[in-house]
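What follows is each chain in one-letter form.
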Amino acid sequence: VEPQHVIDARAFDRATLEELFLQAEALEKLPAADRSALLTGKIIATLFFEPSTRTRLSFESAILRLGGGVISAASAKEFSSASKGETIEDTVRIVSEYADLIVLRHFESGAGARAASVSTVPVVSAGDGPDQHPTQALLDLFTMKRELGHIDGLRIALVGDLANGRTVRSLAYLLANYRDVKLVFVAPEVVRMKRDVAEFLTRHGVSFAEESDLEKAAREVDVIYQTRIQKERFGERLEDYERATGRYVINADVLGAMKRASIVMHPLPRNDEIRPEVDLDPRAAYFRQAKNGVLIRMALLVKLLRD
Ligand code: CP
């Protein structure tokens, strides 16, 4: 049997998403003693070639809560044999003999697919260069459903670095599974949403528009999904970074424009694109969103390793 990989959010259908959300909620309610028997004897490798706080530690927390074991290369670019010139294919060929599943974050788009092409165990992308971050999108949708009760019909503003933000790409793909979702893109000129995602949304009948006025968008939407300008993706183009950073900031004025029953999300980490005073508003959902990462990753691991 071919291993089931999680590399591309476009592979998820609505039924699978709903099943994962139900499983995540069931796992939350399960007594810890029962939960900790679910992955007994399983070993999961976390290979991170880029820095991470939430994704790696929430995966590792999910594994440990389910009774599994973790082997980890947290700074794999420097401290795995990649630093001696080993290819991702060779690394994954070896590690897939040591573990039952590999969680992989890599700085190059396409590394997840290259890893999956040689792995004998499931490969779960934890971020694939500027391309995709499918498990972040799973926890983002799960958060919308928990916070607002539904996903169909939501109006969602995607704000910030839409060109380099892998979370917004995966999120846009997953949202295409839902009815009557409307997206508003609020991005500095140099980091507008890329054409391939816009074309995907058009093919799947998802309506979207670009808006340059953040307060105007804030008045109309149920979710503001803010993102960081990804300085590390600009290379030598620091002038473009300077043009983009600080352009769209969630502050008291934006909160004032938002509906009472709306939320602010952010995949985190943040820089200054959400002012600290916003944290005190009950509509600030981003810390609850990060917490949901453990639940949805537990649900995903159970699906991949037990179903
Ligand atoms: N949201 C996210 O991927 O955070 P980390 O980079 O800390 O994993």
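Here the structure is shown first, and the text comes after it.
Quantities reported herein were computed from a predicted structural model and do not represent experimental measurements.

Reading guide: rules and limits
Residues numbered from 1 in each chain as written. Predicted model: local features only at pLDDT ≥ 70, side-chain atom pairs only at ≥ 80, totals over all residues. Heavy atoms only, no water. Axes fitted to C-alpha atoms, helices over the stretch in contact; angles between N-to-C directions. Helix = DSSP H or I, 4+ residues; strand = E, 2+ residues; numbered from the N terminus. Parallel < 35°, antiparallel > 145°, perpendicular 65-115°, else oblique. Contact = heavy atoms within 4.5 Å. Pairing = 2+ DSSP bridges. Patch = residues over 30% accessible without salt bridge, like charges linked within 9 Å, V, L, I, M, F, W, Y side chains within 5 Å. Areas by Shrake-Rupley, 256 points an atom, 1.4 Å probe, with all protein chains shown as cover. Salt bridge = Lys/Arg side-chain N within 4 Å of Asp/Glu carboxyl O. Buried < 20%, exposed > 50% of the residue type's maximum accessible area, 1.4 Å probe, protein only. Right-handed = clockwise from strand over helix to strand, strands pointing away. Core = buried A, V, L, I, M, F, W, Y, C linked by side-chain atoms within 4.5 Å. Near = heavy atom within 4 Å. Polar contact = N/O pair within 3.5 Å; in protein donor to acceptor, adjacent residues only side chain to side chain. Nonpolar A, V, L, I, M, F, W, Y, C, P; charged D, E, K, R; others polar.

Draft legend 1. Focus on the packing of helix α1 (residues 14-29) against helix α7 (residues 134-148). Running from N to C, α1 and α7 point in directions that differ by 75°, and their axes come no closer than 11 Å. Between α1 and α7, the angle falls in the class roughly perpendicular. Within the contact between the two elements, α1 uses Leu17, Glu18, Leu20, Phe21, Ala24, Glu25 and Glu28 and α7 uses Leu138, Leu141, Phe142, Lys145 and Arg146.

Draft legend 2. Geometry of the sheet that holds strand β1 (residues 43-48). The four strands are arranged β2-β1-β3-β4 in an open sheet whose pairing can be described as parallel. Edge positions in the open sheet fall to β2 (69-73) and β4 (123-128), since each of these has one partner strand only. When strand polarity is set aside, the average angle formed by the axes of neighbouring strands in this sheet is 15°. In terms of strand pairing, β1 meets β2 through five bridges, oriented parallel. Considered in β2, the bridge of Ile43 is made with Gly69. Contacting β3 (101-106) and β4, helix α6 (residues 111-118) crosses the sheet at an angle of about 165° to β4. Contacts between helix α13 (residues 286-306) and the sheet are confined to β1, β3 and β4, with β3 contributing the most and set at about 130° to the helix.

Draft legend 3. Quick look at the environment of Arg14. Along the chain, Arg14 turns up in helix α1. Sequence separation between Arg14 and Pro134 is 120 residues; the distance between their C-alpha atoms is 14 Å. Here Arg14 is in contact with Asp152, Asn177, Tyr178 and Arg179, once residues within four sequence places are set aside.

Draft legend 4. Local environment of a nonpolar patch on the surface. On the surface, Ile43, Ile71, Ile94 and Tyr98 cluster together into a nonpolar patch covering about 360 Å² of accessible area. On the secondary structure map, Ile43 appears in strand β1.

Draft legend 5. Focus on the pairing of β4. Within β4, six of the six residues are buried, which leaves it mostly tucked inside the rest of the structure. In terms of strand pairing, β3 meets β4 through four bridges, oriented parallel. By the bridge assignment, His106 is partnered in β4 with Asp128. With respect to chirality, the unit in which β3 leads through α6 into the neighbouring parallel β4 is right-handed.

Draft legend 6. Focus on the nonpolar core. Counting 64 residues, the largest nonpolar core has Leu141, Met144, Ile156, Leu158, Leu175, Leu183 and Val223 as its most contacted members. A total of ten residues in this core trace back to one element, the largest contributor, which is α13. In this structure Leu183 touches Ile156, Leu158, Leu175, Leu201, Val206, Ser207, Phe208 and Ala209, once residues within four positions along its chain are discounted. Membership of the second largest hydrophobic core comes to 21 residues, among which are Ile250, Met258, Ala284 and Tyr286.

Draft legend 7. The site of the ligand, seen in detail. The environment of the ligand is formed by Ser52, Thr53, Arg54, Thr55, Arg105, His133, Gln136, Pro267 and Leu268. Here a nitrogen atom of the ligand and a side-chain polar atom of Gln136 are 3.0 Å apart. Backbone polar atom of Pro267 to a nitrogen atom of the ligand: 2.8 Å apart, as the coordinates give it. Taken by itself the ligand offers 260 Å² of open surface, and the protein chains cover 91% of this. Looking at the shell around the ligand, its residues break down into two nonpolar, five polar and two charged.

Keep in mind these values describe shape, not function.
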